[in-house]
Amino acid sequence: MIVQLDHTTNATSKRIRIIFQAAYAVEAKLLKVVDFPPLQRPLAAFLNGKNTFYGYHKNQNLKGVIELKMELRSIHIQSLVVHPDSFREGMASALLQFVLDTHDVKSFTVETGLDNHPAKNLYQQFGFQKTKEWDTDHGVRKVAFKLIRDGRIN
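A quick note: this is a predicted structure, and the numbers were derived from the prediction, not measured.

Criteria and cut-off values
Residues numbered from 1 in each chain as written. Predicted model: local features only at pLDDT ≥ 70, side-chain atom pairs only at ≥ 80, totals over all residues. Heavy atoms only, no water. Helix = DSSP H or I, 4+ residues; strand = E, 2+ residues; numbered from the N terminus. Expected span 1.5 Å × (residues − 1). Buried < 20%, exposed > 50% of the residue type's maximum accessible area, 1.4 Å probe, protein only. Arc of directions from axis to C-beta. Contact = heavy atoms within 4.5 Å. Pairing = 2+ DSSP bridges. Axes fitted to C-alpha atoms, helices over the stretch in contact; angles between N-to-C directions.

A. Spotlight on helix H1 (residues 10-31). A rise of 1.5 Å per residue sets the reference length of H1, with its 22 residues, at 32 Å; its end C-alpha atoms lie 30 Å apart and thus fit the reference within 8%. Those residues of H1 lying buried are Thr12, Ser13, Ile16, Ile19, Phe20, Ala23, Tyr24, Glu27, Ala28 and Leu31. With its buried residues spanning 165° around the axis, H1 presents them on a single face. Opposite the buried face of H1, at more than 90 degrees from it, the exposed residues are Ala11, Ile18 and Lys29. Those residues of H1 that are buried lie in contact with strand E1 (2-5), helix H2 (43-47), strand E2 (52-58), strand E3 (61-70), strand E4 (74-82) and strand E5 (107-113). Residue Lys32 follows H1 closely and has a positive phi angle near 60°.

Following this line, the structure appears as structure tokens:
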């Protein structure tokens, strides 16, 4: 079941952060980086953040989270994470499909590490197209994707 999460409560923010920490630890290893900014995100950033969070629950346990930065005509997928004990169960796809189905905006954007092949494959399966690549100041090569409702990239 997917529901919007009230990240402004301490208990919910802690649950969200646990998922983020577990998932981003795996991604850091995949990308071969030690100093990975998502792992340094403090609890207060979740509690006080302006983004929207949706959670995937399995057996009443939070297992996946998608974080959205909402704009007037677009949504940036800030994060899409699944707890490692639930990898390959379709939760990331379900969360992404939920967002695409329930938000009436023109475009969606997302970024991930170039070597994060599972994430890249997921976005490409949903029709996202690569728009750029660049190097970050913390040693990660990143890639950006965009999905336009009418199929064109602006």
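B. The arrangement of the sheet that holds E3 in detail. Ordered by their spatial adjacency, seven strands build an open sheet running E1-E2-E3-E4-E5-E7-E6, and the pairing between neighbours is mixed. At either end of the open sheet lies a strand with only one pairing partner, and these are E1 and strand E6 (129-135). Put simply, the sheet's adjacent strands are angled 25° from each other on average, direction ignored. One ladder, built from seven bridges, connects E3 with E4; its direction is antiparallel. Note on E4: the bridge partner recorded for Leu68 is Ile77.

C. View of unusual backbone geometry. Phi at Asn59 is positive, roughly 55°, even though this residue is not glycine. Assessed through its relative accessible area of 66%, Asn59 is described here as exposed. In the Ramachandran plot, Gln60 falls in the positive-phi region, its phi being about 65° despite a non-glycine side chain. Structurally, Gln60 can be placed in the loop between E2 and E3. With relative accessibility at 76%, the residue Gln60 sits in the exposed group.

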